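Examining the three-dimensional arrangement
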Amino acid sequence: MSLSLKTLTPISLFSTLFLILPLIATSSIQDLLQSEGLPAGLFPDNVKSYKLDPEGHLEVHLESPCMAKFDGRVHFDRVVRANLSYGGLVGLEGLSQEELFLWLPVKGIIVNDPSSGLILFDIGVAHKQLSLSLFEDPPVCKPQVLSEKVGRKKGFQVQR
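What comes next concerns the included structure. Every residue gets a number counted from 1 within its own chain, in the order that chain's sequence is written. Residues qualify for local features only when their pLDDT is at least 70, as the model is predicted, and side-chain atom pairs are given and counted only at 80 or more; totals for whole chains, interfaces and linings, by contrast, use all residues. Only hydrogens and water are removed before side-chain values are computed, so all heavy atoms of the structure are retained for them.

Take the pairing of strand β2 (residues 57-62) next. Note on exposure labels: buried denotes an accessible area under 20% of the residue type's maximum, exposed denotes more than 50%, and partly exposed covers the range between, all computed with a 1.4 Å probe on protein chains only. Labels follow the DSSP assignment, with helices taken as runs of H or I lasting at least four residues and strands as runs of E lasting at least two, numbered in each case from the N terminus. The element β2 is extensively covered by neighbouring structure, given that 5 of its 6 residues are classed as buried. Strand pairing is assigned whenever DSSP identifies at least 2 bridges connecting the two strands. Both strand β1 (residues 47-52) and β2 contribute to a ladder of 5 bridges, which runs antiparallel. Bridge pairing links Leu-52 to Leu-58 in β2. Here β1 folds back onto β2 in antiparallel fashion, the turn holding 4 residues, of which Gly-56 has a positive phi close to 95°. Sheet topology note: the β2/strand β4 (residues 73-85) ladder contains 5 bridges and is antiparallel. Bridging across to β4, Val-60 finds its partner in Val-80.

This is how it looks when you write it as structure tokens:
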């Protein structure tokens, strides 16, 4: 007995719908983050779109690079990439945090235990624990050019 194309089509359609439905049902980046055990306010208010592939590779597109504030200043590139899994964003690219006048790349964001009320930022040289309450709502993100991000002032001249 062989299977006909008519029998495979509904099964294939159901399988495809089953895999895509969670992505369609998640209407915003905030909904997606919360469904993965992360706070809604990790990305700024100027998210234009995002893509999530079946392997968990997340790509978030912002309207422009910008500066926001959590407990200190953070800089978002126009595109932020990470691997999304339940309770974490790892392998982050496109997010930097200012620490002691230095801009350090944020490599990961993890919520190990939501009941602790803490979120962990991996900034490479250290791990920083912050209150989850800082990330309840998306932060306001102000457009920022790279030269302003690193604190360079235009017009600086050596005095003679």
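The next thing to look at is the side chain of Ser-64. Its place among the elements puts Ser-64 in the loop between β2 and β3 (66-69). Taking the relative accessible area as the measure of exposure, Ser-64 reaches 18% and is therefore buried. In this analysis, two residues are considered to be in contact whenever any of their non-hydrogen atoms come within 4.5 Å of each other. The residues touching Ser-64, leaving out its near neighbours within four places in the chain, are Asn-46, Arg-78 and Pro-143.

Our next topic: the pattern of salt bridges. A pairing counts as a salt bridge when a side-chain nitrogen of Lys or Arg comes within 4 Å of a carboxyl oxygen of Asp or Glu. This model, assessed by the stated rule, comprises 5 salt bridges. For Glu-99, the salt bridge identified is with Lys-128, shortest N-O distance 2.5 Å. Residue Glu-99 is located in strand β5 (residues 88-99), and its partner Lys-128 is located in strand β9 (residues 127-131); the two are separated by 29 residues in the primary sequence. When its relative accessible area of 18% is taken as the criterion, Glu-99 is described as buried. Through salt bridges with shared partners, a single network forms among Lys-51, Glu-59 and Arg-81.

Okay, the pairing of strand β6 (residues 102-105) next. Across 4 bridges, the pairing between β5 and β6 is antiparallel. By the bridge assignment for β6, Ser-96 is matched with Pro-105. Between β5 and β6, which pair antiparallel in sequence order, lie 2 residues; one of them, Leu-100, sits at a positive phi of approximately 50°.

With that settled, the discussion passes to the side chain of Lys-128. For Lys-128, a relative accessible area of 19% puts it in the buried group. Here Glu-99 takes part through its side chain, which lies 2.5 Å from a polar atom of the side chain of Lys-128. Setting aside residues no more than four positions away along its own chain, Lys-128 makes contact with Asp-71, Gln-97, Glu-99, Ile-119, Leu-120 and Phe-121. Here a polar contact is taken to be a pair of N or O atoms separated by no more than 3.5 Å, where protein atoms must pair a possible hydrogen donor with a possible acceptor and residues adjacent in sequence count only if both atoms sit in side chains.

The description of two aromatic rings rests on the distance between their centres and on the angle between their planes. Note on aromatic pairs: the rings of Phe, Tyr and Trp (six-membered ring only in Trp) are paired at centre separations within 6.5 Å, and the planes decide the class, stacked below 30 degrees, edge-to-face beyond 60, tilted for the rest. Scanning the model with the defined rule gives 5 aromatic pairs in all. Between Phe-70 and Phe-121, the ring centres sit 6.3 Å apart and the planes meet at 65°, which makes this aromatic pair edge-to-face. With Phe-70 in the loop between β3 and β4 and Phe-121 in strand β8 (residues 118-122), this residue pair connects regions lying 51 residues apart in the sequence. Through successive ring pairs, a cluster of aromatic residues spans Phe-43, Phe-70, Phe-76, Phe-121 and Phe-135.

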